[in-house]
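# Chain and residue survey
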Amino acid sequence: MQTACQAVQHQKGRRSIYNAAVWYYNHCLGQMPVVMVTEDEDAIRQYGNETEGVFVISFKNYLDNFWPDLKAAHELFDSIVQARHERETESQENNGKEYPEHLPMEILEAGIKSGRYIQGTLNVNKHRAQLEAFVRLQGFGSKETDLQSDILIYGARARNRAIHGDVVAVELLPLQEWKGRIVALCENETEDKAPADTTGDPMPTGKVVGIIQKNWRDYVVTFPSKEESQSQGRNAQKILVTPWDYRIPKIRISTQQAEALQEYRVVVRIDSWESNSVYPNGHFVRVLGRIGDLEGEIAAILVENSISIAPFSEIQMSEMPTSSSKNPWKVNPEQEKQRLNLRDTHLIFSIDPKGCEDVDDALSVRTLPNGNLELGVHIADVTYFVAANSYSDVEARARATTYYLADRRYDMLPAVLSADICSLLSGVDRYAVSVLWELERESYEILRVCYNKTIIRSAYKLVYEVAQGLLDGDTSVVDDIPELKDLDERTRKKKLDELVWAISKLTDIARHVRAKRDSCGALELEGVEIRVQLDDKKNIHDLIPKQPLEVHETVAECMILANHWVAKKISENFPHQALLRQHPPPRQEFFTELRECASAKGFPIDTRSNKTLAESLDKADDPLDPLVNKLLRCMATHAMSNALYFSTGSCSEEEFHHYGLALDKYTHFTSPIRRYADIVVHRLLMAATLKEAKHVKDKVLSNKDLEELCRHINNRNRAAQHAQKQSTELFQCMYFKDKTPETDERCIADGVIYSIRTNGVLVFVPRYGIKGAAYMKNKEGLVISCRGDRSCEWKPGSLQRFQNKITSTTTTGDSVTLSLFDHITVKILVQTSRCHADTIKLEIIRNAPYQISATEVSQKNFNVVKSDLVKEVSQSAETVQHTQEKARVEAIEEEYRQYCQTKGPSLYQLLEEIRDLALLDVSADVRT
């Protein structure tokens, strides 16, 4: 029902749209018809015949007359119309309310301002999607509530139709209605009630009273199987589809294609969620691919992360320079006059991963005539080829980043730039933006710095392993440097000596720079990066953890130094509109699990500042098991806040600080080929340093525009990280899916326990970078028991959880205890799912470290990276095996006594007060 005022506004809006259509028709001199599409029958009657050449018609008529052969569009239209009709019919028939009505926006805004309601983003726990969601606090709505943690939203009714990612207004429930988080391990089950005795201490609990901003997007779903369809009821055209993301509720759509689409991943959109409907209503959009097919599953990952990768358009490609093998790109003579020429004066080289094509950074170091050193970081000058607000710039801004998946990448810029003209390949001239520091010859203290547009010619395109070999004095790697191959012995030796000196000197400088940051509290965090190794036919050959090398740190420190100095320069010149990167200090409660796990080994962890945390982690070293320190650093990484881009005009200078790197100012400047933030920073740097750059300064974004751009880039970065992680998990599952766990030794591995739950443990498998749950009680209620050889079987019994361990006791009195950081042998299985992504499942098969077989070692000798890691894990496991039993026996009586006497919160309670109940992601990236 419309008020009189709303009716008048509607008429004015209708008339304005029609006038705009007429204006466009006249602007085109009547050469092109203009169509106004509307479902307003009054508008069609009033304006349909008013102006020749301007058509005012319904959407159905538009499709019938202009696109009669576009079958997919007609089917989509029919689906939407049918869904709307059924929704209206249902609304009339169903007088009962499934959910409370949302409060009007003006009431929500007033309530947030007064402190009655709290604003935040809804995060659904994917492991208990039916029961648990949490609202992360936002803004200043929580001032008067004095809340120090997230707010638990328990159950679907309290969630009140809010969907994961929505910005909501929450009302706190009375204290006596507060609930605790569920602390038992689970398998994404759909129970609508928590098992008894599995919740932690009560925490702030609330209910959603309104949605401030919906975060609806395209959702990948699966249609029910034939059996499930028959059980759904009377109307076969109204189908409940299951989203790929556990956190999204089932969606009801209307379609006549349900049976044909049962084996496919499909995209749908949500149209509405009325208060009298159990489920949201939506419509079918398109088919992605068959369930389980690689390309279909990759497409699902892209859609779920709102990554839309279309080929670059003709108009975007028309802006690109040309380059081919027969006619390679050449330096412009005018640019030679304007740029600093480093081609003949500097030994410049790049160090990158194997197979890297988009080389956007290179390094140099040389001795100056006065005896001091000059360090150079040279970054591809992308902005020369990508003008502000050009078509290619608009597209790069929309993509915001290059998306790297396990087996492929989707570039932010066309390949002619990213893999050719902007890529700092060896032996070819390239435009660069160079940061050059003069360093004192012995102390490496920075004496001065300059920023220049340059022309460079990289001498070598090295890979990390080769650079590390040269640093270690391994001459065998010389054969892997193509630039040295066709030289005579004397020239080759001379050039090799120069290169080895440069790499060694860079490493010395990097050590000094790192030590300086360490003294300020820089953190050395840990993550596990897995590389998918494919064979010639693109089949998965192996999963290999990335081996850390010192040369990784050398390159990283040089890039961090450049980013830091560029941040200082642009923030000085543009104090209110520079793009920087901040890393806020983590909330202290996120460190709870880290502190408790470290205490199990007797290590105190001081988290009051980044400096005290760094010092604590350095001391938390178990000489008998190097994996303990790695795991603790992984936990520290997981506790970190995400680093974010921001505009300097949007917050005070005290908030500029980067917690992890221990720097007062930081930005991203060194990867403009793959990050749009770096392109913005390059433009700011040019505007800040070039005297003739007034036209550049005029194009610098305002604080408001830059703030909006930063939000977009941060969003796309999160999507890129999630997509990369999900694609790695996809390939992990594909790798193990075609193997027989009972006979294939690759499915058996050493695991380290890093968290204790009420019904099992969380385990990290270093060999494959896998983390997962290992249950000690199965669905039949049987508990794990050990035979004489320490192999495991299931028997009737019970579990008892202590502070740092869990004990399984059978009805016959036999018991087995697993403690934090114990090494156990696990079997790796794949849990398949028709509607969701497959997942890795771990099964404890032996209460002892895994002993690698001689056969397996001999099969894997070809791969140094992998065998070294397996050796490390195996050696540490052997050592741990001798100490675990003794420590367990000596400590059990004392720990039990202390556990019974403790009056404070137990580890059981404290572990569950961290940010996310989901399994701890020990493979989280270092977030710089």
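One can find the structure itself at the top, above this paragraph.
The following paragraphs examine the structure supplied in this document. (Residues numbered from 1 in each chain as written. Predicted model: local features only at pLDDT ≥ 70, side-chain atom pairs only at ≥ 80, totals over all residues. Heavy atoms only, no water.)

### Details of the overall build of the protein
How we decide: Only DSSP runs of H or I reaching four residues or more are called helices, and only runs of E reaching two or more are called strands; each is numbered from the N terminus. Between buried and exposed lies partly exposed: a residue is buried under 20% and exposed over 50% of the maximum accessible area for its type, with that area taken using a 1.4 Å probe on protein chains only. Accessible surface area values rest on a Shrake-Rupley calculation with a 1.4 Å probe, where residue burial reflects the displayed protein chains alone.
Regarding its fold elements, the protein presents 24 helices and 36 strands. Taking all 928 residues of the protein together, the buried fraction comes to 51%. Split by element, the accessible area of the protein, about 44,100 Å² in all, is 50% carbon and sulfur.

### With respect to the nonpolar core
The line we're drawing: Each nonpolar core is a collection of buried residues, namely Ala, Val, Leu, Ile, Met, Phe, Trp, Tyr and Cys, held together in the definition by side-chain atoms within 4.5 Å. Throughout, a residue-residue contact means that at least one pair of heavy atoms, one from each residue, lies within 4.5 Å.
Judged by nonpolar contacts, the single largest core of 94 residues is most densely connected at F349, W437, L462, L579 and F669. The contact partners of F669, leaving out residues within four places of it in the chain, are I379, V433, V435, A562, N563, V566, R675, D678, V681, H682 and L685. In terms of nonpolar packing, the next biggest core, distinct from the first, is built from 61 residues, A614, L617, L818 and V826 among them.

### Thoughts on the pairing of strand β26 (residues 579-582)
Rules: In this description, strands pair whenever DSSP reports at least two bridges between them.
Neither face of β26 is open: one carries L579 and R581, the other L580 and Q582, and all of them are buried. Pairing between β26 and strand β27 (residues 644-647): four bridges, direction antiparallel. Bridge pairing links L579 to S647 in β27.

### Observations concerning helix α18 (residues 627-639)
Selection rule: Here the expected length of a helix is defined as 1.5 Å per residue gap, with one fewer gap than residues.
Compared with the 18 Å implied by 1.5 Å per residue over 13 residues, the 18 Å span of α18 between its first and last C-alpha is a close match. Judged by how many residues are buried, α18 sits mostly within the fold: 12 of 13 residues are covered. For α18, the complete set of buried residues consists of L627, V628, N629, L631, L632, R633, C634, M635, A636, T637, H638 and A639.

### Regarding unusual backbone geometry
We note that A662 has phi near 60°; this positive angle belongs to a residue other than glycine. Mapped onto the fold, A662 is located in the loop between β27 and α19 (676-689). Positive phi outside glycine occurs at R790, with the angle close to 75°. Mapped onto the elements of the fold, R790 is located in the loop between β31 (782-786) and β32 (792-801). Judged by its relative accessible area of 22%, R790 falls in the partly exposed class.

### What about the sheet that holds strand β9 (residues 206-213)?
Test applied: With axes taken as lines fitted to C-alpha atoms, and helix axes fitted only over the stretch in contact, angles between N-to-C directions fall between 0 and 180 degrees.
Taking strand neighbours across the sheet as the criterion, the five strands line up as β5-β4-β3-β6-β9 in an open arrangement whose pairing is antiparallel. Strands with a single pairing partner mark the edges of an open sheet, and in this sheet they are β5 (151-154) and β9. This sheet shows a mean twist of 40° between the axes of neighbouring strands, independent of strand direction. As judged from the six bridges shared by strand β6 (residues 167-172) and β9, these two strands associate in the antiparallel manner. Each bridged residue has a counterpart across the sheet, and for V167 the counterpart in β9 is Q213. Where helix α5 (residues 105-114) meets the sheet, its contacts fall on β3 (117-124), β6 and β9, and the angle it forms with β9 comes to roughly 115°.

### Overview of helix α15 (residues 550-573)
The end-to-end C-alpha separation of α15 is 35 Å, in line with the 34 Å expected for 24 residues at 1.5 Å each. The buried fraction of α15 is high, at 17 of 24 residues.

### A word on the sheet that holds strand β33 (residues 805-810)
With antiparallel pairing, the four strands of this open sheet are ordered in space as β31-β32-β33-β34. In the strand order of this sheet, the two ends are held by β31 and β34 (815-819), each with one partner. Ignoring strand direction, the axes of neighbouring strands in this sheet form an average angle of 45°. In this structure, β33 lies alongside β34, joined through five bridges in antiparallel fashion. Within β34, the residue paired with I806 across the bridge is L818.

Keep in mind that these numbers describe shape and distance, not what the molecule does.
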